[in-house]
Amino acid sequence: MSYLFPTYAKWEVAPNSAKGTYLIDETGKQYLDFTSGIGVCNLGHQPQEVKDEVLKQLDKFWHVSNLFQINQQETAAKILATAANLDAVFFANSGAEANEAAIKLARKATGKSKIITFEKSFHGRTFATMAATGQDKIKQGFGTMLETFVYVPYNDITSLEQAMDENVAAVMLEVIQGEGGINVGNEEFLHEVEKLCKKFQALLIIDEIQTGVGRTGKPFAFQHFGLDPDIITVAKGLGSGFPIGAMVGKAYLKEFFGPGSHGSTFGGNPVAIAAAIATMNKIFDKEFLEEINQKSQAFTEELENSLQQLPIVKEIKGLGFMIGIDIQGDIPTLLAELREEGLLVLSAGESVIRLLPPLTASIEELKEGINLIAKVLQKHSLTAI
Ligand SMILES: *Cc1c(COP(=O)(O)O)cnc(C)c1O
């Protein structure tokens, strides 16, 4: 009997310890971890530079209310805002909370309430972010949704043009849809979104919760496309596993989030902030980002070379170390067989195997992972014929 609500379709793996790209379970079995949590442990498990800063903060103080001057928050906010070319940060504890802040701020700043999101998007599980999410399965059984959101097919300019009007407060999107199946935004489409936002005085909100903090080889994925968002939201990779989320916005938005307008007891917790500062200092370094780009390019090429000819592989897609393998086959079965072989990977959408290896994975570890994927997919390609 479990005393947990059964909200997760749990795997059979019970972790005992984890370091770098490896995780060891309670039976002593070792796994190569290409999940990084879900794009959380971007520097691998227990990165030393993060651990050092967290331990230092644990010896200073753990928590004070946000009524205090928390200088560590100022340091973290400056690093984060500068990397995004934005100006102001609100710290929360999770992705959904960061999106909640963005939704509230966009409505307050524009005085409008309609927000456009996209089919197959994922923005979280709270009442507003569930409604923002463009997937029916996430909303089933929860009754009527907030009427704020209108859903448009992703990468479809014409549909967006039809949905836009003066009542739109914001358009919110992922430049690569993560949970929805690693769907990469089309450059022309993304620029059109930005243009339409400007035309109708709507805010452009980019949800970088999965794509952000180096995952795609730039600090934030929107930077691959040269976009100019009003707000971005960040969480997963920000604290290397310590819970932290952030909403980052342009300077003119500050006046709409004055004292009493929004808040969080735990948001910007000093220990999580220490983890975030160390994580960002490592990842936002130019040389580190360049290394991610080279390694991820080699990884994707090798993945294509070893998998593309297999009949069950339909497409390999993604950017940087956010990769989807679109498969004709039963994904849960494939994931279980990969775990048996000692490789942890995720699913996304209906038919995609999602790879989010740590950005610090070595070439050898990445090759080992490809070999295991090729082995399992080859076996299934044979049975498919
Ligand atoms: C994971 C995720 C969220 C939700 O983050 P939580 O921390 O689970 O609340 C929101 N948006 C995107 C794109 C995500 O990948």
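As a reminder, the structure under discussion sits directly above these lines.
Here's what I pulled together on the structure shown here. Note that the coordinates shown come from a computational prediction; the quantities given were computed from them, not determined experimentally.

1. Focus on unusual backbone geometry
Alright, step 1. A positive phi angle, close to 70°, is found at Lys120, a residue other than glycine.
Alright, step 2. The exposure class assigned to Lys120 is partly exposed, which follows from its relative accessible area of 49%.
Alright, step 3. Even without a glycine there, the phi angle at Ser240 is positive, about 55°.
Alright, step 4. Looking at Ser240, the relative accessible area reads 10%, which means it is buried.

2. Some words on the sheet that holds strand β6 (residues 149-152)
Alright, step 1. Judged by pairing direction, the sheet is mixed, and its seven strands sit side by side in the order β4-β12-β11-β10-β7-β5-β6 without closing on themselves. This sheet does not close on itself; its edge strands, each paired only once, are β4 (88-92) and β6. Shown here is a sheet whose adjacent strand axes are inclined to one another by a mean of 20°, direction ignored.
Alright, step 2. Taken together, the five bridges between β4 and strand β12 (residues 245-249) define a ladder with antiparallel strand orientation. Counterpart to Val89 in the pairing with β12 is Val248.

3. What to know about the site of the ligand
Alright, step 1. Neighbouring the ligand are the residues Ser94, Gly95, Ala96, Asn99, Phe122, His123, Gly124, Glu174, Asp207, Ile209, Gln210 and Lys236.
Alright, step 2. Contact distances for the ligand include 3.2 Å between a nitrogen atom and a backbone N or O atom of Phe122.
Alright, step 3. Here the ligand has 390 Å² of accessible area as a free molecule, and 81% of this is covered by the chains.
Alright, step 4. Put simply, the ligand lies in the largest pocket.

4. A few points about the layout of surface pockets
Alright, step 1. Estimates place the volume of the largest pocket at around 2,000 Å³.
Alright, step 2. Around the largest pocket, the lining is made up of 47 residues, and of these Tyr8, Ile38, Arg125, Glu179 and Leu346 lie nearest the centre.
Alright, step 3. Counting only elements with at least two residues in the lining of the largest pocket, the list comes to α1 (36-39), α4 (95-110), α10 (331-340) and β16 (346-348).
Alright, step 4. Residue classes in the lining of the largest pocket are distributed as 22 nonpolar, 15 polar and ten charged.
Alright, step 5. Taken as a whole, the second largest pocket encloses approximately 940 Å³ of empty space.
Alright, step 6. Every element with two or more residues in the lining of the second largest pocket is listed here: α3 (71-84), β4 and β12.
Alright, step 7. For the lining of the second largest pocket, the element with the most residues is α3, which contributes six residues.

5. Some points on the pattern of salt bridges
Alright, step 1. Under the counting rule described, the total for this entry stands at 13 salt bridges.
Alright, step 2. Lys56 is the salt-bridge partner of Glu53, the closest N and O atoms lying 3.0 Å from each other. Of this pair, Glu53 and Lys56 both sit in helix α2 (residues 48-58), three residues apart, which is roughly one turn of that helix.
Alright, step 3. Taking the relative accessible area as the measure of exposure, Lys56 reaches 47% and is therefore partly exposed.
Alright, step 4. The salt bridge involving Lys198 is made with Glu194; its shortest N-O contact spans 3.3 Å. Taken together, the residues Lys198 and Glu194, both in helix α7 (residues 187-199) and four residues apart, mark about one turn of the helix.
Alright, step 5. Among the residues examined, Glu194 registers a relative accessible area of 13% and is labelled buried.
Alright, step 6. If you follow the salt bridges from partner to partner, you end up with Glu194, Lys198, Asp228, Asp230 and Lys250 in one network.

6. What to know about the packing of α3 against helix α8 (residues 270-283)
Alright, step 1. Close contact between α3 and α8 brings their axes to 9 Å; oriented N to C, the two are set at 30°. Overall, the two elements α3 and α8 adopt an arrangement that is roughly parallel. Read as a crossing pair, α3 and α8 show a hand that is left-handed. Here Gln72, Gln73, Thr75, Ala76, Ile79 and Leu80 of α3 lie close against α8, whose contacting residues are Ile273, Ile277, Met280 and Asn281.
Alright, step 2. Of the residues belonging to the contact of α3 with α8, the class tally is six nonpolar, four polar and no charged.

7. Some words on the pairing of strand β17 (residues 352-355)
Alright, step 1. On β17, burial covers both faces: Val352 and Arg354 on one face and Ile353 and Leu355 on the other are all buried.
Alright, step 2. Here three bridges tie β16 to β17, and the two strands are oriented antiparallel to one another. Each bridged residue has a counterpart across the sheet, and for Ser347 the counterpart in β17 is Ile353.
Alright, step 3. Where β16 folds back onto β17 in an antiparallel hairpin, the turn is made up of three residues, including Gly349, whose phi is positive at roughly 60°.

How each quantity is defined
- Counting restarts for each chain, with residues numbered from 1 along the sequence as it is written.
- For a predicted model such as this one, the threshold for reporting local features is a pLDDT of at least 70, and the threshold for listing and counting side-chain atom pairs is 80 or more; totals across whole chains, interfaces and linings nevertheless cover every residue.
- Processing note: side-chain calculations cover all non-hydrogen atoms of the structure and skip hydrogens and water entirely.
- Remark: exposure states derive from per-residue accessible area (1.4 Å probe, protein chains only) relative to the maximum for the residue type, with buried under 20%, exposed over 50%, and partly exposed in between.
- Strand pairing is defined by DSSP finding a minimum of two bridges between the two strands.
- Working definition: helices are DSSP H or I runs of at least four residues, strands are E runs of at least two. Numbering for both runs from the N terminus.
- Convention adopted: a line fitted to C-alpha atoms gives each axis, helices being fitted over their contacting stretch, and angles between N-to-C directions are expressed from 0 to 180 degrees.
- A single heavy atom is enough: if one lies within 4 Å of a molecule or strand, its residue is considered near that molecule or strand.
- What qualifies as a polar contact is a pair of N or O atoms within 3.5 Å, subject to a donor-acceptor requirement within protein and to the restriction that residues adjacent in sequence count only when both atoms come from side chains.
- Note on areas: these come from Shrake-Rupley sampling with a 1.4 Å probe, and a residue is covered only by the protein chains present in the view.
- The rule is simple: put a 1 Å grid over the protein atoms alone, call a set of points where a 1.4 Å probe fits but cannot get out a cavity, call an open set with protein on both sides within 12 Å along at least five of seven lines a pocket, and count a residue as lining if it has an atom within 4 Å of a point.
- Each molecule is assigned to a cavity or pocket provided more than half of its atoms lie within 2 Å of the corresponding grid points.
- Grid points are joined across faces, edges and corners, and a volume is the space filled by probe spheres set on the points.
- Three categories are distinguished: nonpolar for Ala, Val, Leu, Ile, Met, Phe, Trp, Tyr, Cys and Pro, charged for Asp, Glu, Lys and Arg, and polar for the others, with Gly belonging to the last.
- When a carboxyl oxygen of Asp or Glu lies within 4 Å of a side-chain nitrogen of Lys or Arg, that pair is called a salt bridge.
- Roughly parallel means an angle under 35 degrees; roughly antiparallel means over 145; roughly perpendicular covers 65 to 115; every other angle is labelled oblique.
- Two helices crossing with the near one rotated counterclockwise from the far one by less than a right angle form a left-handed crossing, whereas a clockwise rotation gives a right-handed crossing.
- Note on contacts: a residue pair is in contact if any heavy atoms of the two residues lie within 4.5 Å.

In short, geometric facts, not functional conclusions.
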